[in-house]
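# A structural walkthrough
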Amino acid sequence: MTTSQCPAANAIPDSGDGVVDLDEAFMNDPYQLYELLRTQRPVTRVRVPMAPPFWLVTKYADVRAGMTDPRLSKDGGEIARILRRAAELPEDAVDLDMGLHDHMLNSDPPKHTRLRKLVNKAFTGRAIDRLRPGIERLATDLTEAMAAKLAAGADSVDLIEEYAFPLPMTVICEILGVPDDRRREFGEWSHTMLTSATPQEQMAAAAAMREYLDELVAAKRAAPGEDIFSAILAPGEGADQLSPDEATSMASLLLMAGHETTANLISNGVLALLRDPHQLARLRTDPALLSGAVEEFLRLESPVSMATTRFTAEPVTIGDTTIPAGELVLLGIGSANRDPEVFDRPGELDLGRPKSGHLAFGHGIHHCLGAALARVEGEIAFRVLLARFPDLTLAVAPGDLRWRSSILLRGLTSLPVRAGGH
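Residues numbered from 1 in each chain as written. Predicted model: local features only at pLDDT ≥ 70, side-chain atom pairs only at ≥ 80, totals over all residues. Heavy atoms only, no water.

Secondary structure assignment for the protein yields 16 helices and 11 strands. Whereas a compact globule of 422 residues would reach a radius of gyration of roughly 22 Å, the protein reaches 21 Å, a difference of no more than 12%. If you line up the protein on its principal axes, its C-alpha atoms span 60 × 60 × 40 Å. With 422 residues in all, the protein has 54% of them scored as buried. Accessible area of the protein: about 17,700 Å², with a carbon and sulfur share of 53%. Charge centroids of the protein, computed over 43 positive and 59 negative side chains, lie 4 Å from each other. (Helix = DSSP H or I, 4+ residues; strand = E, 2+ residues; numbered from the N terminus. Rg over C-alpha atoms; globule rule 2.2 N^0.38 Å. Buried < 20%, exposed > 50% of the residue type's maximum accessible area, 1.4 Å probe, protein only. Areas by Shrake-Rupley, 256 points an atom, 1.4 Å probe, with all protein chains shown as cover. Lys, Arg positive; Asp, Glu negative; His and termini not counted. Charge placed at Lys NZ, Arg CZ, Asp CG, Glu CD.)

To continue, consider the pairing of strand 2 (residues 43–47). Remark: a regular strand shows side chains that alternate across the two faces of the sheet. Pairing of strand 1 (residues 19–21) with strand 2 involves 3 bridges; the strand directions are parallel. For Val-20, the partnering residue across the bridge sits in strand 2 and is Val-46. Two strands pair when backbone bridges link them, and strand 2 and strand 3 (residues 54–57) are joined in this way by 4 bridges, in the antiparallel orientation. Opposite Thr-44, over in strand 3, you have Leu-56 as the bridge partner. (Pairing = 2+ DSSP bridges.)

Pairing in this open sheet of 3 strands is antiparallel, and the strands run 5-11-10 from one edge to the other. In this open sheet, the two strands that pair with only one neighbour each are strand 5 (157–158) and strand 10 (393–394).

Our focus in this paragraph is helix 2 (residues 31–40). Restricting attention to buried positions, one finds in helix 2 the residues Tyr-31, Leu-33, Tyr-34, Leu-36, Leu-37 and Arg-38. Next to the buried residues of helix 2 lie strand 1, helix 1 (24–28), strand 2, strand 3, helix 14 (290–300) and helix 15 (333–336). (Contact = heavy atoms within 4.5 Å.)

So, about the pairing of strand 3. Side chains of strand 3 alternate between two faces, with Phe-54 and Leu-56 and Trp-55 and Val-57 buried alike. Bridge count for strand 3 against strand 9 (residues 328–331) is 3 bridges, and the pairing is parallel. Note that in strand 9 the partner of Trp-55 across the bridge is Val-329.

Grouped together as the largest cluster of nonpolar side chains are 92 residues, with contacts concentrated most on Leu-159, Tyr-163 and Leu-415. Considering every element that reaches this core, the biggest residue donor is helix 12 (residues 244–274), with 14 residues. Beyond its immediate chain neighbours, meaning those up to four positions away, Tyr-163 contacts Ala-139, Leu-142, Thr-143, Met-146, Pro-168, Ile-266, Ile-380, Ala-381, Val-384 and Leu-385. Membership of the second largest hydrophobic core comes to 22 residues, among which are Ile-12, Tyr-31, Tyr-34 and Met-306. (Core = buried A, V, L, I, M, F, W, Y, C linked by side-chain atoms within 4.5 Å.)

In this section: the pattern of salt bridges. Under the counting rule described, the total for this entry stands at 25 salt bridges. With a closest N to O distance of 2.7 Å, Glu-260 and Arg-404 form a salt bridge. Of this pair, Glu-260 sits in helix 12 while Arg-404 sits in the loop between strand 10 and strand 11 (416–418), placing them 144 residues apart in sequence. Each member of the pair, Glu-260 as well as Arg-404, is classed as buried. Overlapping salt bridges, with partners in common, bring together Arg-282, Asp-344, Arg-345, Glu-348 and Asp-350 in one network. (Salt bridge = Lys/Arg side-chain N within 4 Å of Asp/Glu carboxyl O.)

Another aspect to go through is the sheet that holds strand 1. The strand order 1-2-3-9-6-4 describes an open sheet built from 6 strands, whose pairing is mixed. Here the strands that pair on one side only, and so sit at the sheet edges, are strand 1 and strand 4 (72–73). Across the sheet, helix 4 (residues 76–85) lies against strand 3, strand 4, strand 6 (310–312) and strand 9, angled at about 75° from strand 6, the strand it touches most. (Axes fitted to C-alpha atoms, helices over the stretch in contact; angles between N-to-C directions.)

A few words on helix 12. Relative to the 45 Å expected for 31 residues at 1.5 Å per residue, helix 12 spans 45 Å between its end C-alpha atoms, a close match to the ideal helical length. Here helix 12 lies mainly inside the structure; 28 of its 31 residues are buried. (Expected span 1.5 Å × (residues − 1).)

Here we come to the confidence of the model for the protein. The predicted coordinates of low-pLDDT regions are not to be read in fine detail. This prediction gives the protein a mean pLDDT of 88; 92% of its residues lie at or above 70. Ignoring residues within four places in sequence, the model shows residues 1–8, a span with pLDDT below 50, making 11 contacts including any to other chains. (pLDDT = per-residue confidence, 0-100.)

Our next topic: the packing of aromatic side chains. Inspection of every chain in the model, using the stated rule, returns 4 aromatic pairs. Of the aromatic side chains, those joined through ring pairs into one cluster are Phe-26, Tyr-31 and Tyr-34. Looking at Arg-299, its charged tip hangs above the ring of Phe-343, at a distance of 5.4 Å from the centre. The ring of Phe-389 has Arg-388 sitting right over it, with the charged end atom 5.4 Å from the ring centre. (Phe/Tyr/Trp six-rings, centres within 6.5 Å; stacked < 30°, edge-to-face > 60°. Lys NZ or Arg CZ within 6 Å of the ring centre and 35° of its normal.)

In this section: unusual backbone geometry. A cis amide bond links Pro-109 to the next residue, Pro-110, at an omega of 5°. Looking at the element boundaries, Pro-110 is found in the loop between helix 4 and helix 5 (111–120).

This part takes up the environment of Gly-66. Looking at where Gly-66 falls in the secondary structure, it is placed in helix 3 (residues 60–66). Placed 244 residues apart in sequence, Gly-66 and Arg-310 show a C-alpha to C-alpha distance of 9.3 Å. When residues no more than four places from it in sequence are discounted, the contact partners of Gly-66 are Leu-72, Arg-310 and Leu-331.

This is the structure we're talking about:
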């Protein structure tokens with residue numbers, strides 16, 4: 001039974017066992033279920049495709065607290081072992097040995113502290129500012145290419161394929177020093193690994209990415225460039241540096257986190273504006289709203305719907321629910337960012353909303369390393385797009401749009417748009 005088929009407006013759909021299925025209907029519109037869970041069952045068991053049951057936390061206060069609770073561990077190795085022990089999961093469904101998971105997002109202190117320190121040294125404000133001119137040029141070139149296709153007779157263009165995806169993908173590949181001819185492959189591998197593909201497809205993509213990234217790390221170590229990744233690989237304080245496996249894993253993390261989420265930010269934000277002409281006109285009239293608008297897009301349709309998996313290192317009580325030790329936990333960012341106890345009219349786009357408080361970039365020691373870069377990319381992307389296309393409109397009905405089959409990410413599969421007379 002899907003959320004939309006619920007026989008009563010206040011009934012939580014499950015199969016009678018108390019476990020809620022997060023199915024395709026949920027992925028297309030999770031907010032009705034989120035609202036029911038926040039009010040009735042804020043900590044509940046859920047099933048996701050090709051995985052054992054998880055515990056899902058949905059209230060803002062609980063999600064934020066969970067992000068800093070050391071009892072909710074991020075140890076990637078232990079999480080993978082829990083998955084492998086689950087009877088519901090095939091033995092080969094979890095990729096433990098591809099060498100792409102030994103990074104700071106999958107670790108606790110003190111390991112996390114060490115890895116974060118080695119990466120932080122390269123993501124300085126000055127380094128991000130140096131990327132601005134290139135991002136501006138790229139956004140301009142991409143919008144001109146879109147305009148040329150429309151002028152040549154195309155009825156519409158897919159904003160994701162033509163703009164929201166290539167912009168952050170190009171930026172992160174420049175950060176890593178990946179040549180142009182390999183960037184499309186990177187996007188395909190990343191997409192497969194982060195969606196509900198089969199375990200075999202995910203492992204094949206991981207193997208291909210691992211092979212290339214191993215080569216990239218070796219090449220950067222042999223001949224460092226001016227890119228940020230070369231700075232990350234350089235020895236840090238006390239001559240400490242990332243091991244080969246850590247370096248490959250870090251490159252994988254930067255790649256996937258650095259473009260998937262920003263592509264969703266851009267496309268989700270454009271959709272929100274096109275569905276609300278009043279707010280779009282408000283932004284065009286007052287460009288000073290742009291910085292706050294990016295924060296509102298992040299809150300309203302969070303590019304990361306759920307924080308990556310944690311597990312209970314010991315029994316943990318959240319609200320009235322005690323989760324036993326050794327259980328997998330998801331923190332619902334998309335639900336927390338629409339919690340009416342924190343945000344007034346949470347389901348509405350309001351470009352004048354105070355911009356502090358959302359959890360789109362996480363909270364605590366795992367707060368997104370690339371938050372500043374994502375904000376810069378977002379501000380430039382929206383400013384350039386809206387300036388080039390003052391009459392941008394959706395080319396399909398909003399109800400015809402489809403969302404990606406992913407529990408962790410919230411993004412559209414395509415976003416057809418047109419401009420002017422097209």
